[in-house]
Amino acid sequence: MTLVELDGVSKGFWIPDEHRDTIREHVFAAFRPRPLRRLQVLNGVSLTLRRGEALGIMGANGCGKSTLLKIICGIYVADAGRVETRATITPILDLGIGWNPELDAVDNIYLIGALMGMSLRQLRRGIDEILAFAELQPFARMHVKHYSSGMASRLAYAVAFQAVREVLVLDEILAVGDAGFKQRCEERYRELRKAGHTMLVVSHNPDLIASFCDRALLLEQGQVVLDGPPADVARQYLSRLTHA
């Protein structure tokens, strides 16, 4: 069964097309509308994600990977094309978005976990496991504003891995934390795969895509240029980087 299907999806943004570097330029341009230009990020992207499948997405920076994920997760609306999702999705995208820095880790777990669809009962049962996974038990009552970026990232991953529903969307999995934390993330990923969860994984790491995915896509300038075995996509990605 297909859980996520995109057909001819396009997305663009209007961005400023004028540089104002000096104070003089800002002053004289203050009452003049800033000219804009259209940046086309995705152009006719089609893909399918089937139940139980792990689909990898690769591509150079700026190719549209993050925009594509946000459209799939419902954060952005496509300008054109069809987007259908037939399952609940847990996104791990912009780590730490939604945290309240004035609250401690425990309160933030309740806050973010509820936003991710976890029940109060699930949160009460899982809070010790979340803190242990993130190695933050000694800092459970410390305000998140005092956390390092690494601590906050580990907490975000730990909550998301606990809250996972049918489809898990991962942007740069294993890109944060030390070797021990990355190993726990990898083990948790494999547990979820074994349990039948569907995965959508974006990464610049060819070995990770080749090891963790059943199929992969290569994006270039907002278009799918290759859809096939992960090892083939990883090799093509490296080849295009080398000759860029």
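Residues numbered from 1 in each chain as written. Predicted model: local features only at pLDDT ≥ 70, side-chain atom pairs only at ≥ 80, totals over all residues. Heavy atoms only, no water.

Draft legend 1. Fine view of the environment of Arg50. With respect to the element layout, Arg50 can be found in strand β2 (residues 36-50). It is 8.7 Å that separates the C-alpha atoms of Arg50 and Glu5, two residues lying 45 residues apart in sequence. For Arg50, the residues in contact, after removing those within four places along its chain, are Met1, Thr2, Leu3, Thr198 and Arg215. (Helix = DSSP H or I, 4+ residues; strand = E, 2+ residues; numbered from the N terminus. Contact = heavy atoms within 4.5 Å.)

Draft legend 2. Fine view of the pattern of salt bridges. Tallying each qualifying case throughout the model produces 20 salt bridges. Across the salt bridge formed by Arg141 and Asp104, the nearest N and O atoms sit 2.8 Å from each other. Taken together, the residues Arg141 in the loop between α4 (120-133) and α5 (149-163) and Asp104 in the loop between β5 (89-92) and α3 (105-115) connect sequence positions 37 residues apart. For Asp104, a relative accessible area of 8% corresponds to the buried category. Notably, a salt bridge pairs Glu135 with Arg184, separated by 3.3 Å at the nearest N-O pair. (Salt bridge = Lys/Arg side-chain N within 4 Å of Asp/Glu carboxyl O. Buried < 20%, exposed > 50% of the residue type's maximum accessible area, 1.4 Å probe, protein only.)

Draft legend 3. Broad picture of the pairing of strand β9 (residues 223-228). Sheet topology note: the strand β8 (residues 215-220)/β9 ladder contains 5 bridges and is antiparallel. Looking at β9, one finds that Glu220 is bridged to Gln223. (Pairing = 2+ DSSP bridges.)

Draft legend 4. Seen up close, α5. Counted at 1.5 Å a residue, the expected span for α5 with its 15 residues is 21 Å, and the 21 Å between its end C-alpha atoms agrees. Across the 15 residues of α5, 12 count as buried, placing the element largely inside the fold. Among all positions in α5, only Met151, Ala152, Ser153, Arg154, Leu155, Ala156, Tyr157, Ala158, Val159, Ala160, Phe161 and Ala163 are buried. Where α5 is buried, its residues touch β5, α3, α4, β6 (167-171) and α6 (179-194). (Expected span 1.5 Å × (residues − 1).)

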